[in-house]
Number of protein chains: 2
Amino acid sequence: MNASPRADEDFRHRLDFAAEATEATLAGLLATQRLPDEIARPSRLLEAMRYASLGGGKRLRPFLVIETARLLGVEGTGVLRVASALEMIHCYSLVHDDLPAMDDDDLRRGRPTCHKAFDEATAILAGDGLLTYAFDVVADAATHEDPTLRADLVLALARASGLGGMVGGQALDLAAEIAARPLSQAEILEMQAMKTGALLRFAVDAGAMLGRASPQQSSALTAYGKALGAAFQIADDILDAEGDTVALGKRAGKDAARGKATLVSLLGLEAARKRCDQLVEEATQALDKTGLKPATQTLEQAARFVAARRN
Amino acid sequence: MNASPRADEDFRHRLDFAAEATEATLAGLLATQRLPDEIARPSRLLEAMRYASLGGGKRLRPFLVIETARLLGVEGTGVLRVASALEMIHCYSLVHDDLPAMDDDDLRRGRPTCHKAFDEATAILAGDGLLTYAFDVVADAATHEDPTLRADLVLALARASGLGGMVGGQALDLAAEIAARPLSQAEILEMQAMKTGALLRFAVDAGAMLGRASPQQSSALTAYGKALGAAFQIADDILDAEGDTVALGKRAGKDAARGKATLVSLLGLEAARKRCDQLVEEATQALDKTGLKPATQTLEQAARFVAARRN
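Residues numbered from 1 in each chain as written. Chains lettered and ligands numbered in written order. Predicted model: local features only at pLDDT ≥ 70, side-chain atom pairs only at ≥ 80, totals over all residues.

A word on the overall build of chain A. A tally of regular secondary structure across chain A gives 15 helices and two strands. Here the C-alpha atoms of chain A give a radius of gyration of 19 Å, agreeing with the 19 Å that 2.2 N^0.38 yields for 311 residues. Looking at chain A as a whole, 54% of its 311 residues are labelled buried. The long-range share in chain A, meaning contacts at least 24 apart out of those at least 6 apart in sequence, stands at 72%. (Helix = DSSP H or I, 4+ residues; strand = E, 2+ residues; numbered from the N terminus. Rg over C-alpha atoms; globule rule 2.2 N^0.38 Å. Buried ≥ 20, exposed ≤ 12 C-beta atoms within 10 Å, placed from the backbone. Contact = placed C-beta atoms within 7 Å.)

What follows is the structure, given as structure tokens:
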């Protein structure tokens, strides 16, 4: 079932709102002036951190935090701070991923990558700085009055980002490359669930935590986040296989060029598209179990958007 | 006033205890088997994280956490977890610092650096993994039953490690190198207070937080940590100026070779030594204000140890 033109317009409006609110929150957190807390801010490092996190990106992860919390009736500064902290983690991972020793990319979001615009050492430190600052922002009392919630959010964010999540997934991807051994389908699914899926799942889970979801709502939203994350990754593989560099704002065809196995290379384009559609359906069905229809419409649209995106 | 032979023996015993307890805690946290929480652990990444954090180092920062908490009557698992998380941050910073794009060092603690033993990409990810895991460990309920304390520790650790602390100090150091402009004495002091001082201060502050220090004790201990941190850095500059590579277990004479200004190059060896002695005296006087003498003896010894160390 497709959305009405009106629902589609609403969705675009919500996407824009999330992007603008995240940009403004990040800009405030990474302000160039010395803050009241008297923390010195080395200008070149801060400039690199701003370059890496401001002025670009779909802000999909912040959008999911914001819309999941809003589904449960919660909006405001705390939600935006958690959304922005998550985006810092996403941006740091791109900076480190683009380094010569990693993917060695020169282009990101249509601009020179951080180590090209600055230098490698500054890019390494900017990534470290963004990663560290994310936990500062979440743990700060300005994010939420309840310290248990703050500690829980820090723990969930660290797990989604670390050894058992994003960083671990990158390492699995890298290990396959070093061993020059294409991964099996099951291994690709596990690697992707860690590398990209974990942060997307955290986005939805964080929104549920901030919105004080009931246990039933939580598990429905976790299932939604899982399906959406898997759909996102297949769409990414499809885009890499058939996308062009200009539309993507980053180099296309990387996986094939490296002989890396993806779901597209294993299943073929047609079957990959079908699997992606199934995952969107799964995501939608999971939302039905929150008992919050029709307010779930924006998140439903998000699953379709993720699967159909062109960059 | 020098310590008695007996006090000296006690101090060595406490140092050994901290090193062994930290090693055991880190080994447990970085165990190679899949943990009950079902987190997948990519083996090569985990191996690199273990390589970078196990089997070496004086464990000075954990020692300061442990002894400060013990001064206030608190010992046990929670203290060891915070001490180990702090050591993870210290170890990640060494891994990233040693990278070719940064200090380009081949030797650390008498062994090949992480990117030499593994590869650059794995070293970058291992650093990211250790940094992220540190916040996981602190935020976990296994560290302390009080969520406010856990959130406060996360916040303090993030601030000590990030833009306004360690990473910021590294960036200031780097910026001076890129600009090929030796820093002034005031700039060196600020850079060092951030680059090395912030984590040492956090070690003492974390011990005070875990030990539920009174406001007066807290501010006395913070003053102690500040003086000890400054003494540590001067001793480091002295060691770099006159040390030899074998005793240090890392390359000596790096600063002079790069024409970098240090307190030793600005003040001369004699005046630097004198300043170091003054700082030890300041640290001791700060401890007197905790009202906990003579139990403060181990921390007093620590300040002398830091100033007099030979590696």
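And the narrative resumes.
Residue and element names in this part refer to chain A. Within the secondary structure, Arg 61 sits in helix α3 (residues 60–71). A residue is classified by how many C-beta atoms lie within 10 Å of it, and Arg 61, with 23 of them, is buried. Sequence separation of Arg 61 and Ala 18 is 43 residues, and the distance between their C-alpha atoms is 9.5 Å. If sequence neighbours within four positions are ignored, Arg 61 has contacts with Leu 86, Glu 87, His 90, Leu 199, Leu 200 and Ala 203.

What follows is about the environment of B:Asp10. Along the polypeptide, B:Asp10 turns up in helix α1 (residues 5–29). Measuring from C-alpha to C-alpha, the distance between B:Asp10 and B:Thr298 comes to 8.0 Å, with 288 residues separating the pair along the chain.

On the side of chain B, 46 residues touch chain A, which itself brings 46 residues to the contact. Residue assignment for the side of chain A that touches chain B shows that the elements contributing at least two residues are α2 (43–53), α6 (120–139), α7 (147–161), α8 (166–179) and α9 (185–210) of chain A. A per-element tally of the side of chain A that touches chain B places α6(A) first, with 13 residues.

With that settled, the discussion passes to the packing of helix α3 (residues 60–71) of chain B against helix α15 (residues 297–308) of chain B. Residue and element names in this part refer to chain B. Running from amino to carboxyl end, α3 crosses α15 at an angle of 150 degrees, the nearest separation of the two axes being 9 Å. With respect to α15, the axis of α3 lies roughly antiparallel. Once α3 is placed against α15, the crossing between them reads as left-handed. Contacts from Leu 64, Glu 67, Thr 68 and Leu 71 in α3 reach Thr 298, Leu 299 and Ala 302 in α15. Along the lines of polarity and charge, the residues of the contact of α3 with α15 split into four nonpolar, two polar and one charged. (Axes fitted to C-alpha atoms, helices over the stretch in contact; angles between N-to-C directions. Parallel < 35°, antiparallel > 145°, perpendicular 65-115°, else oblique. Left-handed = near helix turned anticlockwise from the far one by under 90°. Nonpolar A, V, L, I, M, F, W, Y, C, P; charged D, E, K, R; others polar.)

On to the relation of the copies chain A and chain B, then. A rotation about an axis combined with a shift along that same axis relates the two copies of the chain. Of the transformation superimposing chain A on chain B, the axial component is 0.0 Å and the angular component is 180 degrees, with the fit at an RMSD of 0.0 Å. What the rotation and shift describe, once combined, is the action of a two-fold rotation axis. (Least-squares fit on C-alpha atoms with pLDDT ≥ 70 in both.)

To continue, consider the nonpolar core. When a protein is soluble and globular, its nonpolar side chains tend to lie buried together. By size, the foremost hydrophobic cluster in this structure holds 202 residues, and its most contacted members are A:Val154, A:Leu157, A:Ala231, B:Val154, B:Leu157 and B:Ala231. The contacts of B:Leu157, once residues within four sequence positions are left out, are B:Ala85, B:Leu86, B:Ile89, B:Ala134, B:Val138 and B:Phe202. (Core = buried A, V, L, I, M, F, W, Y, C linked by C-beta atoms within 7 Å.)

Our next topic: helix α15 (residues 297–308) of chain A. Residues and elements named next belong to chain A. Between its first and last C-alpha, α15 extends 17 Å over 12 residues, near the 16 Å set by a 1.5 Å rise per residue. Within α15, 10 of the 12 residues are buried, leaving the element largely enclosed by the surrounding structure. Listed in full, the buried residues belonging to α15 are Thr 298, Leu 299, Glu 300, Gln 301, Ala 302, Ala 303, Arg 304, Phe 305, Val 306 and Ala 307. For α15, the secondary structure elements touched by its buried residues are α1 (5–29), α3, α10 (215–242) and α14 (269–288). (Expected span 1.5 Å × (residues − 1).)

Here chain A averages 91 in pLDDT, while 90% of its residues score no lower than 70. Predicted complex metrics record ipTM = 0.94 and pTM = 0.94. (pLDDT = per-residue confidence, 0-100.)

The next subject is the environment of B:Glu120. Take B:Glu120: it is sitting in helix α6 (residues 120–139). Classification of B:Glu120 by C-beta neighbours within 10 Å gives partly exposed; the count is 17. C-alpha of B:Glu120 to C-alpha of B:Gly76: the two residues are 44 residues apart in sequence and 37 Å apart in space. Not counting residues up to four positions away in its chain, the partners in contact with B:Glu120 are A:Ala101, B:Leu99, B:Pro100 and B:His115.

So, on to α14(A). Residue and element names in this part refer to chain A. In a regular helix each residue adds 1.5 Å, so 20 residues correspond to 28 Å; α14 covers 29 Å between its end C-alpha atoms and thus fits that length. Within the span of α14, buried status applies to Ala 272, Cys 276, Leu 279, Val 280, Ala 283, Ala 286 and Leu 287. An end-on view of α14 places all buried positions within 125 degrees of arc, on one side of the element. Relative to its buried face, α14 has exposed residues pointing more than 90 degrees away, namely Glu 270 and Ala 271. (Arc of directions from axis to C-beta.)

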